[in-house]
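Here is what each chain is made of, one letter per residue.
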Amino acid sequence: GEDVEQSLFLSVREGDSSVINCTYTDSSSTYLYWYKQEPGAGLQLLTYIFSNMDMKQDQRLTVLLNKKDKHLSLRIADTQTGDSAIYFCAERKNFGNEKLTFGTGTRLTIIP
Amino acid sequence: GAVVSQHPSRVICKSGTSVKIECRSLDFQATTMFWYRQFPKQSLMLMATSNEGSKATYEQGVEKDKFLINHASLTLSTLTVTSAHPEDSSFYICSARNSLRVGTDTQYFGPGTRLTVL
């Protein structure tokens, strides 16, 4: 199966909070990332969290990491139309390995 | 901030031709760059790791003679799709790691190149 899994779709009303979930399988992962991809564009790094952290907040973005359950989430507060995109989580295995393994991506749709 | 460019952004070619895609780190040095391939509505799949001054490391299942990678300088890596066929049509994205920035080893992504082979 996939190393990193995400739900494919999420619809949220404008102004509400969006929560995008991600599960991974490798407990040795060091860094976990969230990227945003708008249509026809590359990936924009939104935020990242180190594996020894439980939470990281950056303006409207909050990342929660449950290392025991290997579960990562991204919460976007006050979701706006400009947040419509595909969101990818990615894990980096260990310090000696620079490769990223990406999740399947979650397409976030904002309902006016 | 760290900017990565790709050229061209879009290319359409005939089957059998070769196509070169450039990836440049504009404001930082990158000893390591990565090439990904993304099929429609799918995730990114790492194709190869490009190392400045040495041979690229290819992922399992990626033909190195088909996808030629050259990383001749600290700011430029090229991917050449040789003898392209319709099944090579895809979105190719590169990323670059800032050699001088320690800690997160964050990869910065280019905007992607959409290749269509007729």
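Residues numbered from 1 in each chain as written. Chains lettered and ligands numbered in written order. Predicted model: local features only at pLDDT ≥ 70, side-chain atom pairs only at ≥ 80, totals over all residues. Heavy atoms only, no water.

Asks: Account for the sheet that holds strand E7 (residues 61-66) of chain A, naming residues and giving values.
Replies: All names here are of chain A. The antiparallel open sheet is built from five strands, whose spatial order is E1-E3-E8-E7-E6. On the outer flanks of this sheet lie strand E1 (4-6) and strand E6 (55-58), each paired with one strand and no other. Averaged over all pairs of adjacent strands, the angle between their axes in this sheet comes to 15°, without regard to strand direction. When E1 meets strand E3 (residues 18-24), the two strands line up antiparallel, connected through three bridges. When the sheet's bridge partners are listed, Val4 is paired in E3 with Tyr24. (Pairing = 2+ DSSP bridges. Helix = DSSP H or I, 4+ residues; strand = E, 2+ residues; numbered from the N terminus. Axes fitted to C-alpha atoms, helices over the stretch in contact; angles between N-to-C directions.)

Asks: Can you break down the side chain of Thr113(B) residue by residue, with the values?
Replies: All names here are of chain B. Its location among the elements puts Thr113 in strand E11 (residues 113-117). You can call Thr113 buried: its relative accessible area is 0%. At 2.6 Å, the side chain of Thr113 and the backbone oxygen of Pro8 are in polar contact. (Buried < 20%, exposed > 50% of the residue type's maximum accessible area, 1.4 Å probe, protein only. Polar contact = N/O pair within 3.5 Å; in protein donor to acceptor, adjacent residues only side chain to side chain.)

Asks: Help me get a handle on the environment of Tyr58(B), residues and values and all.
Replies: Residues and elements named next belong to chain B. You can see Tyr58 is positioned in strand E6 (residues 57-58). Tyr58 gets classed as partly exposed once you look at its relative accessible area, which sits at 22%. Taking the C-alpha atoms as reference points, Tyr58 and Met47, separated by 11 residues in sequence, lie 6.1 Å from one another. Once residues within four sequence positions are removed from consideration, Tyr58 is found in contact with Met47, Ala48, Glu63, Lys64, Phe67, Leu68 and Ile69. Reaching out from Tyr58, the side chain makes a polar contact with the backbone oxygen of Phe67 at a distance of 2.6 Å. Separated by 3.3 Å, the side chain of Tyr58 and the backbone nitrogen of Ile69 make a polar contact. (Contact = heavy atoms within 4.5 Å.)

Asks: Please set out the packing of aromatic side chains residue by residue, giving values where relevant.
Replies: Within this structure, the stated rule accounts for 13 aromatic pairs over all chains. Between Tyr35(A) and Phe109(B), the aromatic rings sit 5.0 Å apart at their centres with planes inclined by 80°, giving edge-to-face as the arrangement. Here the residue Tyr35(A) occupies a position in strand E4 (residues 31-37), and Phe109(B) occupies one in strand E10 (residues 107-109), the pair thus bridging two chains. A residue is classified by how much of its surface remains accessible, and Phe109(B), at 9% relative accessible area, is buried. (Phe/Tyr/Trp six-rings, centres within 6.5 Å; stacked < 30°, edge-to-face > 60°.)

Asks: So what's going on with the layout of surface pockets? Which residues, and what values?
Replies: The calculated volume of the largest pocket comes to roughly 1000 Å³. Around the largest pocket, the lining comprises 44 residues; the ones closest to its centre are Gln38(B), Gln42(B), Ser43(B), Leu44(B) and Met45(B). Here the lining of the largest pocket takes five residues from strand E10 (residues 97-102) of chain A, the largest share from any one element. Its residues placed into classes, the lining of the largest pocket shows 19 nonpolar, 14 polar and 11 charged. As a volume, the second largest pocket reaches approximately 170 Å³. In this structure, the second largest pocket is lined by Lys36(A), Gln44(A), Leu46(A), Asp58(A), Gln59(A), Arg60(A), Leu61(A), Ile76(A), Asp83(A) and Tyr87(A). (1 Å grid on protein atoms, 1.4 Å probe; cavity = no way out; pocket = protein on both sides within 12 Å on 5 of 7 lines; lining within 4 Å. Points joined across faces, edges and corners; volume = space filled by probe spheres on them. Nonpolar A, V, L, I, M, F, W, Y, C, P; charged D, E, K, R; others polar.)

Asks: Account for the nonpolar core, with residues named and values stated.
Replies: In this structure, Val4(B), Trp35(B), Leu79(B), Tyr92(B) and Leu115(B) are the most contacted members of the largest nonpolar core, which totals 24 residues. Elements with a contribution of two residues or more to this core: strand E2 (10-13), strand E3 (19-25), strand E4 (32-38), strand E5 (44-51), strand E7 (67-73), strand E8 (76-81), strand E9 (90-97) and E11 of chain B. What Tyr92(B) contacts, discounting residues up to four positions off in sequence, is Gln6(B), Ile21(B), Tyr36(B), Arg37(B), Met47(B), Phe67(B), Leu79(B), Gly112(B), Thr113(B) and Leu115(B). Among the nonpolar cores identified, the runner-up in size contains 20 residues, and Ile20(A), Tyr24(A), Val63(A) and Tyr87(A) belong to it. (Core = buried A, V, L, I, M, F, W, Y, C linked by side-chain atoms within 4.5 Å.)

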